[in-house]
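A closer look at the structure
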Amino acid sequence: MRTEEFDALLETLKKTAGALREEGISFLLGGGLACWVRGGPASDHDLDLMVKEEDADRALDVLARE
């Protein structure tokens, strides 16, 4: 069952992933949403994206602008 919180989390994922992709920063989806994508229960409390250590500062800069 989807909730408003889950829908908001998906919108944040779309915006965040788009911003990182535009800057050419590779990332992986982790945590509860990664489990959901693979058939697990919906998560509604956080968004876990992983970037390479060498891209971390640039990723933070990109996301701070959003």
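Here the structure is a predicted model, which is why all the values come from computation and not from measurement. Chains are numbered independently. Their residues run from 1 in the order of the written sequence. Where totals are concerned, whole chains, interfaces and linings use all residues; where local detail is concerned, this predicted model gives features only for residues with pLDDT of at least 70, and gives and counts side-chain atom pairs only at 80 or more. Computation of side-chain values: all heavy atoms of the structure, hydrogens and water removed.

This next bit is on the pattern of salt bridges. Every case where a carboxyl oxygen of Asp or Glu lies within 4 Å of a side-chain nitrogen of Lys or Arg is listed as a salt bridge. Within this structure, the stated rule accounts for three salt bridges. Note that Lys14 and Glu11 form a salt bridge whose closest N and O atoms lie 3.3 Å from each other. In this pair, Lys14 and Glu11 both sit in helix H1 (residues 4-22), three residues apart, roughly one turn of the helix. Relative accessibility decides the category of a residue: with a 1.4 Å probe and only protein chains considered, values under 20% of the type maximum give buried, values over 50% give exposed, and everything between is partly exposed. Taking relative accessible area as the criterion, Lys14 reaches 54% and is therefore assigned exposed. Across the pair Asp55 and Arg58 runs a salt bridge whose closest N-O atoms are separated by 3.7 Å. Exposure remark for Asp55: the relative accessible area of 13% places this residue in the buried category. Helix numbers and strand numbers start at the N terminus; a helix is a DSSP run of H or I with at least 4 residues, a strand a run of E with at least 2.

Locating Asp44 in the fold gives a position in the loop between helix H2 (31-37) and strand E2 (48-50). Sequence separation between Asp44 and Leu10 is 34 residues, and the spatial gap between their C-alpha atoms is 9.1 Å. Any two residues having at least one pair of non-hydrogen atoms within 4.5 Å are treated as being in contact. Ignoring sequence-local partners within four residues, the contact set of Asp44 consists of Thr3, Glu5, Phe6 and Leu9.

With that settled, consider the confidence of the model for the protein. Residue-level confidence of the predictor, termed pLDDT, takes values from 0 up to 100. Averaged over the protein, the pLDDT score is 89; the fraction of residues at 70 or greater is 98%. Ranking the helices and strands of the protein by mean pLDDT puts helix H3 (residues 56-65) first, with 96, and H2 last, with 83.

Here, expected helix span is obtained from the residue count minus one, scaled by 1.5 Å. For H1, built from 19 residues, the straight-helix expectation of 27 Å at 1.5 Å per residue is met to within 8% by its first-to-last C-alpha distance of 27 Å. Taken together, the buried positions of H1 are Phe6, Leu9, Leu10, Leu13, Thr16, Ala17, Gly18, Ala19 and Leu20. At the C-terminal side of H1, Gly24 shows a positive phi close to 75 degrees.

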